[in-house]
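For reference, the chains in residue letters:
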Amino acid sequence: MFAIVRTGGKQYRVAAGDKIVVEKLDGEAGSSVTLGDVLLAGEGSELTPTDGLTVSAEIIAQAKGEKVIVFKKRRRHNYRRKNGHRQNHTILRITAIGDHKAENAKTAAPAEAEAPAAEA
């Protein structure tokens with residue numbers, strides 16, 4: 001299942017298990033956030049209603065983006081200004097879209113380990 005969510009003035013197409021980089025959100029690494037502004041959701045070509053649908057995500061890290069150089073110049077006036085800027089970002093891992101949760105290898109491994117024990 002996929003969803004299109006809006007956060008930080010931008011729109012992102014996400015699915016359970018995806019990692020995305022968004023504008024800075026409040027929270028520490030390891031905490032979970034809920035993205036409530038879901039614009040579209042569906043699976044394949046089938047669309048589902050987005051009334052009350054939320055996207056759950058886990059904050060992986062708070063980071064800074066690449067440095068952007070801002071250079072201003074007015075020719076023949078001896079005017080030059082150089083400045084730099086690094087934008088703050090939040091890296092998110094999408095854990096669930098509505099009721100659809102991400103399939104993790106960690107959760108699949110114990111189920112496989114229990115299956116041979118049950119057969120024996």
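Our subject in this report is the structure included herewith. This one's a predicted model, so the numbers in the text were calculated from it and none came from an experiment. (Residues numbered from 1 in each chain as written. Predicted model: local features only at pLDDT ≥ 70, side-chain atom pairs only at ≥ 80, totals over all residues. Heavy atoms only, no water.)

1. A closer look at the sheet that holds strand β5 (residues 38–43)
Strand pairing within a sheet occurs via backbone hydrogen bonds; the two strands may be parallel or antiparallel.
Turning to step 1, where the next piece is worked out: Reading across the sheet, the four strands line up as β2-β1-β5-β6 and stay open at both edges, with antiparallel pairing between neighbours. Edge strands, defined here as strands with exactly one partner in the open sheet, are β2 (10–15) and β6 (46–48). Sheet twist, expressed as the average angle between the axes of neighbouring strands with direction ignored, equals 30 degrees.
Turning to step 2, where the next piece is worked out: As paired strands, β5 and β6 are joined by three bridges and run antiparallel to one another. Within β6, the position partnered with G42 by the bridge is L47. (Pairing = 2+ DSSP bridges. Helix = DSSP H or I, 4+ residues; strand = E, 2+ residues; numbered from the N terminus. Axes fitted to C-alpha atoms, helices over the stretch in contact; angles between N-to-C directions.)

2. Some remarks on the environment of H85
Turning to step 1, where the next piece is worked out: Relative to the assigned elements, H85 resides in strand β8 (residues 79–97).
Turning to step 2, where the next piece is worked out: Considered as a pair, H85 and I69 are 16 residues apart in the sequence and their alpha carbons are 6.6 Å apart.
Turning to step 3, where the next piece is worked out: Beyond its immediate stretch of four places on either side in the chain, H85 contacts E66, K67 and V68.
Turning to step 4, where the next piece is worked out: Of the polar contacts made by the side chain of H85, one reaches the side chain of Q87; its length is 2.9 Å. (Contact = heavy atoms within 4.5 Å. Polar contact = N/O pair within 3.5 Å; in protein donor to acceptor, adjacent residues only side chain to side chain.)

3. Remarks on a positive patch on the surface
Turning to step 1, where the next piece is worked out: Taken together, the side chains of K64, K67, K82 and R86 present a region of like positive charge at the surface.
Turning to step 2, where the next piece is worked out: Among the elements of the structure, β7 (55–74) and β8 are those that each provide at least two residues to the positive patch.
Turning to step 3, where the next piece is worked out: By the element assignment, R86 lies in strand β8.
Turning to step 4, where the next piece is worked out: Assessed through its relative accessible area of 43%, R86 is described here as partly exposed. (Patch = residues over 30% accessible without salt bridge, like charges linked within 9 Å, V, L, I, M, F, W, Y side chains within 5 Å. Areas by Shrake-Rupley, 256 points an atom, 1.4 Å probe, with all protein chains shown as cover. Salt bridge = Lys/Arg side-chain N within 4 Å of Asp/Glu carboxyl O. Lys, Arg positive; Asp, Glu negative; His and termini not counted. Charge placed at Lys NZ, Arg CZ, Asp CG, Glu CD. Buried < 20%, exposed > 50% of the residue type's maximum accessible area, 1.4 Å probe, protein only.)

4. A word on the pattern of salt bridges
Turning to step 1, where the next piece is worked out: Evaluated as defined, the whole model comprises three salt bridges.
Turning to step 2, where the next piece is worked out: Residues E23 and K10 are paired through a salt bridge, measuring 2.7 Å at the closest nitrogen-oxygen approach. Separated by 13 residues along the polypeptide, E23 in strand β3 (residues 19–23) and K10 in strand β2 bring together distant segments of the chain.
Turning to step 3, where the next piece is worked out: For K10, a relative accessible area of 40% translates into the label partly exposed.
Turning to step 4, where the next piece is worked out: A salt bridge links E58 to R93, with the shortest nitrogen-to-oxygen separation between them at 3.6 Å. Taken as a pair, E58 in strand β7 and R93 in strand β8 lie far apart in primary sequence, 35 residues in all.
Turning to step 5, where the next piece is worked out: By relative accessible area, which is 30% here, R93 ends up partly exposed.

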